[in-house]
Amino acid sequence: MDLKENIAKVRAELDAAARAAGRDPSGITLLAATKTQSRETIRAAIRAGVTACGENRVQELTAHLAEDAYEGAQVHFIGHLQTNKVKYVVGKVALIHSVSSEKLLRAIADRADALGLVQDILLEVNLAGEQSKSGFAPEEALGAARLAASLEGVRLRGLMCIPPRAARPGDNLPYFQKLSRLAVDITREMLDNSIDMDVLSMGMSGDYADAVAAGSTCVRVGSALFGPRPPMSSTHD
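How each quantity is defined
Residues numbered from 1 in each chain as written. Predicted model: local features only at pLDDT ≥ 70, side-chain atom pairs only at ≥ 80, totals over all residues. Heavy atoms only, no water. Axes fitted to C-alpha atoms, helices over the stretch in contact; angles between N-to-C directions. Helix = DSSP H or I, 4+ residues; strand = E, 2+ residues; numbered from the N terminus. Parallel < 35°, antiparallel > 145°, perpendicular 65-115°, else oblique. Left-handed = near helix turned anticlockwise from the far one by under 90°. Contact = heavy atoms within 4.5 Å. Nonpolar A, V, L, I, M, F, W, Y, C, P; charged D, E, K, R; others polar. Buried < 20%, exposed > 50% of the residue type's maximum accessible area, 1.4 Å probe, protein only. Arc of directions from axis to C-beta. Core = buried A, V, L, I, M, F, W, Y, C linked by side-chain atoms within 4.5 Å. Expected span 1.5 Å × (residues − 1). Pairing = 2+ DSSP bridges. Right-handed = clockwise from strand over helix to strand, strands pointing away.

**Considering the packing of helix H5 (residues 141-150) against helix H6 (residues 173-190)**
One way to put it is that H5 packs onto H6 with a least axis distance of 10 Å and a crossing angle of 50°. Classified by the interaxial angle, the pair formed by H5 and H6 is oblique. As for the relative orientation of H5 and H6, their crossing is right-handed in sense. Packed against H5, whose contacting residues are Ala 141, Leu 142, Ala 145, Arg 146 and Ala 149, the element H6 presents Leu 182, Ile 186, Glu 189 and Met 190 at the interface. Tallied by class, the residues present in the contact of H5 with H6 amount to seven nonpolar, no polar and two charged.

What follows is the structure, given as structure tokens:
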């Protein structure tokens, strides 16, 4: 694996997809999904040009923060977050992508209030209604956005989705388009309250070009950068 070459290749493909869609490539963040990666690999990715890293697991986030593994880059939390782990994440990351329930939203806001800060968040939307995935149903997203706008401890920055596993290239494009339309609808409905909604987190290693075509501003890429993931440890969040 040549990490520097992989990063350059993905970045070039993102830039080409953006230009094909009439978009400015600089408006798209390449978020390196660092699940199960070592601190040495994370540091190498940052040296090679990665400016933002996304962690899926609270345990790994905490360990890597203690090791200063993310020095020189932003860190985001992109995995499933349990309410009892909120205290380990709020105030530690630039953005939480996976706010998937009202209970979690309120827990994040309460923790941020206790710390005297405002935590940037995204609402996770379960576009396909998959039982195996968390997230707000599309019809619940506007209400969740209004709730977020009413809570002083959080700042709603946009939406995130994880579409179903695609069988063929292009299968996820309709889901990305749906999330993009939903963000527009919420912005229209909320007027001044939605002024900070500027992030659409969608697209991963197998479909990031389609996500960019549909309006993604942040793609979460792991295997296309790092290759197949190392085995996960037996310890879970």
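**Focus on H5**
Ala 141, Ala 144, Ala 145, Leu 147 and Ala 148 are the residues of H5 that are buried. Relative to the axis of H5, the buried residues are bounded by an arc of 160° and lie together on one face.

**Let's talk about the nonpolar core**
Grouped together as the largest cluster of nonpolar side chains are 65 residues, with contacts concentrated most on Ile 108, Ile 121 and Leu 159. Excluding anything up to four places from it in sequence, Ile 108 contacts Leu 81, Val 86, Val 90, Ile 96, Val 99, Gln 119, Ile 121 and Val 154.

**A look at the environment of Arg 146**
With respect to the secondary-structure elements, Arg 146 resides in helix H5. Relative accessible area serves as the criterion here: at 44%, Arg 146 is assigned to the partly exposed category. Along the primary structure Arg 146 and Ile 186 are separated by 40 residues, whereas in three dimensions their C-alpha atoms are 9.1 Å apart. With near-sequence residues (within four places) excluded, Arg 146 lies in contact with Glu 189 and Met 190.

**A short note on H6**
Between the first and last C-alpha of H6 there are 26 Å, a value that for 18 residues agrees with the 26 Å anticipated at 1.5 Å per step. Taken as a whole, H6 has its buried residues at Phe 176, Leu 179, Ser 180, Leu 182, Ala 183, Ile 186 and Met 190. The arc that holds every buried residue of H6, seen down its axis, measures 155°, which confines them to one face. In the core, the buried residues of H6 are packed alongside strand E5 (119-125), H5, strand E6 (154-161), strand E7 (199-201) and helix H7 (208-213). Leu 191 sits one or two residues past H6 and shows a positive phi near 55°.

**Examining the pairing of strand E2 (residues 52-55)**
Regular strands have side chains that alternate between both faces of the sheet. Residues Ala 52 and Gly 54 of E2 are buried on one face, and the alternating residues Cys 53 and Glu 55, pointing to the opposite face, are buried as well. Sheet topology places strand E1 (residues 29-33) next to E2; three bridges connect them, and they run parallel. Bridge pairing links Leu 31 to Ala 52 in E2. The handedness of the E1 to E2 crossover, carried by helix H2 (residues 39-47), is right-handed. Strand direction decides the pairing type here: E2 and strand E3 (residues 74-77), joined by four bridges, are parallel. Paired with Glu 55 across the two strands is Phe 77, which belongs to E3. Remark: the E2/helix H3 (residues 58-66)/E3 crossover connection has right-handed handedness.

**A closer look at the packing of helix H4 (residues 102-115) against H5**
Interhelical geometry of H4 versus H5 gives an angle of 15° and a closest axis separation of 11 Å. One way to sum up the angle between H4 and H5 is to call them roughly parallel. In this structure, the crossing between H4 and H5 has a hand that is right-handed. Where H4 abuts H5, its residues Glu 102, Leu 105 and Arg 106 lie against Ala 144, Leu 147 and Ala 148. Split by residue class, the contact of H4 with H5 holds four nonpolar, no polar and two charged.

**With respect to the side chain of His 64**
Checked against the element boundaries, His 64 lands in helix H3. Looking at His 64, the relative accessible area reads 7%, which means it is buried. Ignoring anything within four residues of it in the chain, the contact list for His 64 reads Gln 37, Ser 38, Arg 39, Ile 42, Glu 55, Ala 69 and Tyr 70.

**Thoughts on the environment of Arg 11**
Looking at the element boundaries, Arg 11 is found in helix H1 (residues 3-20). A sequence separation of 14 residues divides Arg 11 from Pro 25, and the C-alpha atoms of the two residues are 9.1 Å apart. If sequence neighbours within four positions are ignored, Arg 11 has contacts with Pro 25, Ile 28 and Leu 30.

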